[in-house]
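For reference, the chains in residue letters:
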Amino acid sequence: MQITSNFDSGNIHVIDSSNVSDIQVEIKKDNQSDFYQWFHFKIHNNDHVEHVINIVNAGNAAYIEGWENYQAVASYDREQWFRVPTEYDGKQLTIKFTPEFDSVYFAYFAPYSYERHQDLIHSAQLHIDCQLQVLGQTLDGRDISLLKVGEEGEGKKTIWLTARQHPGETMAEWFMEGFIDRLLDEDDGVARSLLNKAVFYMVPNMNPDGSVRGHLRTNALGANLNREWQTPSMDRSPEVYLVREKMLSTGVDLFLDIHGDEALPYNFVAGCEGIPSYDERHQALEEKFKRILIAITPEFQDEKGYEKDEPGQANLTVGASWVGEQFKCLSYTIEMPFKDNDLLPDYSVGWSDERSSLLGRDVLTAVYHVVDQLR
Ligand code: GEM
Ligand code: ZN
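This one's a predicted model, so the numbers in the text were calculated from it and none came from an experiment. (Residues numbered from 1 in each chain as written. Chains lettered and ligands numbered in written order. Predicted model: local features only at pLDDT ≥ 70, side-chain atom pairs only at ≥ 80, totals over all residues. Heavy atoms only, no water.)

Draft legend 1. Structural view of the pairing of strand β17 (residues 330-337). For β17, a buried count of 8 out of 8 residues is recorded, marking the element as mostly surrounded by other parts of the structure. Residues of β17 alternate between two faces, with Leu330, Tyr332, Ile334 and Met336 on one and Ser331, Thr333, Glu335 and Pro337 on the opposite face, all of them buried. Relative to β17, strand β15 (residues 254-261) runs parallel, the two sharing 8 bridges. In the strand pairing of β17, leucine 254 is matched with leucine 330. Pairing geometry for strand β16 (residues 268-270) and β17, over 3 bridges, is antiparallel. Paired with phenylalanine 268 across the bridge in β17 is glutamate 335. (Buried < 20%, exposed > 50% of the residue type's maximum accessible area, 1.4 Å probe, protein only. Helix = DSSP H or I, 4+ residues; strand = E, 2+ residues; numbered from the N terminus. Pairing = 2+ DSSP bridges.)

Listed below in structure tokens is the structure:
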């Protein structure tokens, strides 16, 4: 039996694989960081017996409440990912699985590869309404790629989306794939009408280095990009620095920052109630956006989520908070679950790449219904 992870977004350290009934592995920390939780590895074994995989350091992962009622995902072809029997005893996470084929991949959530990212942005640029821009390079030398869709114009709004500041939250880029695919659909009335009303700036992967490195939460230097928005630097967080500079040149009328949440089995948003400039106009816009999204899809809800920030107490190093305050605009962190949407559970796949993509398509409709009220 061989256990490997030396591939795009791979992350595991093998402690002992001599006993198929007690395979001992551990998740590696993000580089120069204490965060870890993302895992992605392959087991090759021609002997199709039950494998018992013990992730022995799960109990000290970043968000251990994320292991409660969590089921790992597996795949034979790296396309179709399904949930596998997983238990957490407070110390280690145990996956029990009898493979049907010789090689099987395991991951924390359906991976979104760097190659797929390249396919996403380069197929998008073929559309007449889409321009691929490179804002600069990351610390490992990868492009920080932005898609501009549509054109600025008198009375048109400027809408920004960023995703995967936290690289292990791969559902964020699956969401972007759905959002972008629909926005570029020339037969889609919502998309066509939106492009008459707004120009879109989108960064489908804010953290390509952390993605390829198999990180949960940080970039190549261990920086949590979603705590860098107040004072980013080219030395530590060029991803945020360059996107923020671009935002300051274009302005922002609506911002959505796409994430995943380890613990809460729901889709939800985190808003700007704690920023200094929060007012009735801003609150009314937030309420309208949520009301519309609830009407559009049962996959979204507004009962469960993060604790609300007290007035004036928002952490302005967080992207959505800094943008909301800087541009006095509707600005949301959108969260999807690593587990499932417990309001509409799917016991074979849980929350998935496909459901993330479909939510992205639905959020486009919500944007359509608020675009005229953004200012
Ligand atoms: C969260 S967003 C920060 C919390 N925001 C509010 N308004 N409470 C983060 O960066 O910790 C997003 C995430 O990690 O998914
Ligand atoms: Zn996140």
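Draft legend 2. Spotlight on the coordination of the zinc ion (ligand 2). All of the protein donors around the zinc ion (ligand 2) are His166 (ND1), Glu169 (OE), Glu169 (OE) and His259 (ND1); their distances to the metal are 2.0 to 2.4 Å. Taken together, the 6 donor atoms surrounding the zinc ion (ligand 2) define angles of 50 to 152° at the centre, an arrangement classified as irregular. Between consecutive donor residues of the zinc ion (ligand 2), the sequence gaps follow H-x2-E-x89-H. With a gap of 93 residues between them, histidine 166 in the loop between β13 (157-163) and α2 (171-183) and histidine 259 in strand β15 connect regions that are remote in the sequence. Histidine 259 matches histidine 166 in its accessibility class, with the two residues each being buried. (Donors = N, O, S within 2.8 Å, 3.2 Å for Na, K, Ca; no water. Tetrahedral: all angles 85-135°; square planar, octahedral: opposite > 155°, others 65-115°.)

Draft legend 3. Looking closely at the side chain of asparagine 224. Examined against the element boundaries, asparagine 224 turns out to sit in the loop between α4 (208-213) and α5 (238-250). For asparagine 224, a relative accessible area of 10% corresponds to the buried category. Here histidine 166 takes part through its side chain, which lies 2.7 Å from a polar atom of the side chain of asparagine 224. In contact with asparagine 224, not counting residues within four places along its chain, are Phe35, His166, Arg217 and Thr218. (Polar contact = N/O pair within 3.5 Å; in protein donor to acceptor, adjacent residues only side chain to side chain. Contact = heavy atoms within 4.5 Å.)

Draft legend 4. Up close: helix α3 (residues 189-197). Among all positions of α3, only Val190, Ala191, Ser193, Leu194 and Leu195 are buried. Tucked into the core, α3 has its buried residues touching β12 (143-149), α2, β14 (198-203) and α8 (353-370). The opening residue of α3, the one whose side-chain oxygen lies 2.9 Å from the backbone nitrogen of valine 190, is aspartate 188.

Draft legend 5. The arrangement of the packing of α3 against α8 in detail. At a closest axis distance of 10 Å, the pairing of α3 and α8 adopts a crossing angle of 45°. On the basis of the axis angle, α3 is oblique to α8. Seen from above, α3 lies across α8 with left-handed handedness. For the pair α3 and α8, the contacting residues are Val190, Ala191, Ser193, Leu194 and Lys197 in the first and Leu364, Thr365, Val367 and Tyr368 in the second. A per-class count over the contact of α3 with α8 returns 6 nonpolar, 2 polar and 1 charged. (Axes fitted to C-alpha atoms, helices over the stretch in contact; angles between N-to-C directions. Parallel < 35°, antiparallel > 145°, perpendicular 65-115°, else oblique. Left-handed = near helix turned anticlockwise from the far one by under 90°. Nonpolar A, V, L, I, M, F, W, Y, C, P; charged D, E, K, R; others polar.)

Draft legend 6. Spotlight on the packing of α5 against helix α7 (residues 319-327). Where α5 contacts α7, the axes come no closer than 12 Å and their chain directions differ by 25°. What the angle tells us is that α5 and α7 run roughly parallel. Once α5 is placed against α7, the crossing between them reads as right-handed. On α7, the residues touching Arg244, Met247 and Leu248 of α5 are Trp322, Val323, Gln326 and Phe327.

Draft legend 7. Structural detail: the pattern of salt bridges. A complete count under the given rule lists 19 salt bridges for this structure. Through salt bridges with shared partners, a single ionic network connects Asp140, Arg142, Asp209 and Arg213. (Salt bridge = Lys/Arg side-chain N within 4 Å of Asp/Glu carboxyl O.)

Draft legend 8. Representation of the nonpolar core. The biggest cluster of nonpolar side chains holds 82 residues, and the ones touching the most others in it are Phe39 and Phe200. Among the elements that make up this core, the one with the highest residue count is α2 (8 residues). The contact partners of phenylalanine 39, leaving out residues within four places of it in the chain, are Asn11, Ile12, Ile27, Ile55, Trp67, Tyr70, Ala72, Leu93, Ile95, Phe106, Ala107 and Tyr108. Of all hydrophobic cores here, the second largest spans 21 residues; its members include Leu135, Ile144, Met206 and Trp229. (Core = buried A, V, L, I, M, F, W, Y, C linked by side-chain atoms within 4.5 Å.)

Draft legend 9. Just the sheet that holds strand β3 (residues 23-26), in detail. One open sheet accounts for 5 strands, arranged β2-β3-β5-β9-β8; its pairing is mixed. Of all strands in the sheet, those bounded by a partner on one side alone are β2 (13-16) and β8 (86-88). Each strand axis lies, on average, 25° off the axis of its neighbour in the sheet, ignoring direction. Looking at chain direction, β8 and strand β9 (residues 93-97) are connected through 3 bridges and run antiparallel. Each residue of the ladder has a partner; that of glutamate 87, found in β9, is threonine 94.

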